[in-house]
Amino acid sequence: MRSSLGAVCALAVLATALSAGCQNAPGGVDENGRPAGQRTVTVSPSPSPIRTSGYGAVFLGIDECSSFGRTSFTEVSCTGERAAARVVARHDGTVRDGPRCPATTDFVLHISEQRPASDEDGDGAVPRGYACMRNLQPPHPGDPGGGGGPRTIVGDCVRGLDDGQVRETACDGEGEQRPEYRVTEAVDARSRCPASTTLYVRLGGSSPVGCAGPV
């Protein structure tokens, strides 16, 4: 699940029922057609015009926190009751063109360009960017075997779909679908996968090939 930040291509190399296919995102797509694990929402900076060091100095900077809402996220103090997720990496621009999120990121928060009354540097704009988020409390879908997150990593499980694609699912079998394959290694070429490999999963990065076998 990761080429276009979460795209997975898989080919069965033994006698499996899967045909070649790509997964658009970890966990497939949500009810709105967006990739699961990636949330595109409206974010709002703190209404206070005074910015100090720490919380609020940079809008959703690294180690700052967001609250969960039904339709939007708001930057909040990490010590407050509303804090739900922490920024583990923050980049300007788009996910497609920017650096990848850390491996155990739970979800990606896309920040649309805004021109609020106050912002981190006083120029009246919050630039377009994205924040890699980690929940403050479990569950952590980005952990190995967690069944979600914007990246597939070693330890994650997938299952085949009817159209030949694969979808990440929780390895413990408590998700909507039971797992069929587990990614056991990440290598730089298919030839380096062990002989027991029955599925190749595209991971991206310096070790782009995931070697997967039956669960």
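Above this text sits the structure in question.
Parameters and conventions
Residues numbered from 1 in each chain as written. Predicted model: local features only at pLDDT ≥ 70, side-chain atom pairs only at ≥ 80, totals over all residues. Heavy atoms only, no water. Core = buried A, V, L, I, M, F, W, Y, C linked by side-chain atoms within 4.5 Å. Buried < 20%, exposed > 50% of the residue type's maximum accessible area, 1.4 Å probe, protein only. Helix = DSSP H or I, 4+ residues; strand = E, 2+ residues; numbered from the N terminus. Salt bridge = Lys/Arg side-chain N within 4 Å of Asp/Glu carboxyl O. Pairing = 2+ DSSP bridges.

Caption draft 1: Here's a closer look at the nonpolar core. Within the largest apolar cluster, 10 residues are counted, these being F59, L60, F73, A85, V87, F107, L109, I111, A131 and M133. At the level of secondary structure, the elements contributing two or more residues to this core comprise β6 (85-92), β7 (107-111) and β8 (129-135). Of the residues forming this core, the biggest block, 3 residues, is contributed by β7. One finds V158, V166, V201 and A212 within the second-largest nonpolar core, a separate group that totals 8 residues.

Caption draft 2: Molecular detail of the pattern of salt bridges. Summed over the entire model, instances satisfying the criterion amount to 5 salt bridges. Measuring nitrogen to oxygen at the nearest pair gives 3.4 Å for the salt bridge that ties D92 to R90. Given a relative accessible area of 54%, D92 falls into the exposed group. Residue classification places R90 among the buried residues on the basis of a relative accessible area of 15%. For R134, the salt bridge is made with D106, and the minimal N-O distance between the two is 3.8 Å. Of the two residues, R134 is situated in strand β8 and D106 in the loop between β6 and β7; the sequence distance between them amounts to 28 residues. Residue classification places R134 among the partly exposed positions, given a relative accessible area of 22%. What you see here is one network of salt bridges that share partners, running through D106, R134 and D143.

Caption draft 3: Representation of the pairing of strand β13 (residues 209-214) in the model. Burial within β13 is extensive, with 5 of its 6 residues counted as buried. Note: strand β11 (residues 181-187) against β13, 6 bridges, orientation antiparallel. Bridged to R182 within β13 is G213. Taken together, the 4 bridges between strand β12 (residues 199-202) and β13 define a ladder with antiparallel strand orientation. When the bridges of β13 are listed, L199 appears paired with A212. Taking the residues that link successive antiparallel strands as the turn, the β12-β13 hairpin has 6 residues, and the phi of G204 there is positive, at about 85 degrees.

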